[in-house]
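Given next are the chains, with one letter for each unit.
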Amino acid sequence: MKKLQKILPKAKVVDISSICLKMRIIKTPEEIALTQRSMDYFSKIHAFGRDYLLERGTDATDFEIAKACEEWGMNLIMQDIKRDGRPHNAVGIDVGIGCRTGRGTAYPHPNQFHHNKVKKGDSLQIAGVVKIGGYGGECYRYYQIEPWDAHRQKVWETVTESIRIQERESKAGVPCNDVAFKVHAYQVSRGKDIQKLLYQRVGHGEGMEGHQPPYIALGNTEILEEGMTFSVEPGLFDPEHGFGYNPSDSCLVAKEKGILQSSVPLSKE
């Protein structure tokens, strides 16, 4: 800055970082289409992961499932990407898939390494981020392997309905904290056994940075605009009983409601 003032004493320096960030927050039709392409691949990766889990069952580890999904997904995408090894070719491609089962699902962002056998009665999560050209998003799905009890059933139903609330309420013109409040109000209304499982905000802005403003959180009064995209993470976590259900998706803000960009089901089936 000193050198600039010395060489160009009459120049005026203006901070335009907020303008640049806004351009990333509001996606163009091309950016939305590229994100949708990534999420379409991601949906197929989840279908593969579900079938792999059903086939391997309790013979598999969560580590094995994650790596199998990652390899299959990358091979799927690279079939469609033209590349010759030169710069600016096949850039910004990422398939990062994680899986955790059992007690590791009971925490929003656990720091332990996941290499655990799949067991009956455990919860399980397949999650990650897929991007092409830097655009894409998160898609997490939670599983519960039989048997389960009434408490797990209630937590499952609460998380699933919370996702639907965020989807319905994520429309242009609505403040971020209104969406968060409606999700949390529903969760709190489900009783004290659910209230103590709340650990994190509902969602974050999703873009080339990964996490970006604005945030679907109780303290954020920013207004949703068409073209914004958000993660969908109204998860619930129960360390006491050793399980948790942590969802995510890419939610595109539209005029009437939010649009989940994956086609992965939320049903138990």
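A few points on the structure.

Calculation notes
Residues numbered from 1 in each chain as written. Predicted model: local features only at pLDDT ≥ 70, side-chain atom pairs only at ≥ 80, totals over all residues. Heavy atoms only, no water. Helix = DSSP H or I, 4+ residues; strand = E, 2+ residues; numbered from the N terminus. Expected span 1.5 Å × (residues − 1). Buried < 20%, exposed > 50% of the residue type's maximum accessible area, 1.4 Å probe, protein only. Contact = heavy atoms within 4.5 Å.

The next thing to look at is helix α6 (residues 176-189). Taking 1.5 Å of rise per residue, 14 residues should cover 20 Å, and α6 covers 20 Å from first to last C-alpha, within 8% of that figure. Restricting attention to buried positions, one finds in α6 the residues Cys176, Asn177, Val179, Ala180, Val183, His184, Tyr186 and Gln187. Structurally, α6 contributes buried residues whose contacts are with α5 (150-169), α7 (192-195), β6 (210-216) and β8 (236-238). Within two residues after α6, glycine 191 carries a phi angle of roughly 115 degrees, on the positive side.

Take the environment of glutamate 226 next. If you trace the backbone, glutamate 226 turns up in the loop between β6 and β7 (229-231). The partly exposed category is assigned to glutamate 226, whose relative accessible area is 43%. Considering only alpha carbons, one finds glutamate 226 and leucine 34, 192 residues apart in sequence, at a separation of 16 Å. Each residue touching glutamate 226, except ones within four places of it in the same chain, is listed here: Ile26, Ala172, Val253, Ala254 and Lys255.

Mapped onto the elements, alanine 254 comes out in the loop between β10 (250-253) and β11 (258-260). Note on alanine 254: relative accessible area 17%, which makes it buried. In this structure, the C-alpha to C-alpha distance between alanine 254 and serine 170, residues 84 residues apart in sequence, is 7.5 Å. Once residues lying within four places of it in the same chain are set aside, the contact partners of alanine 254 are Ser170, Lys171, Ala172, Glu226 and Ile259.

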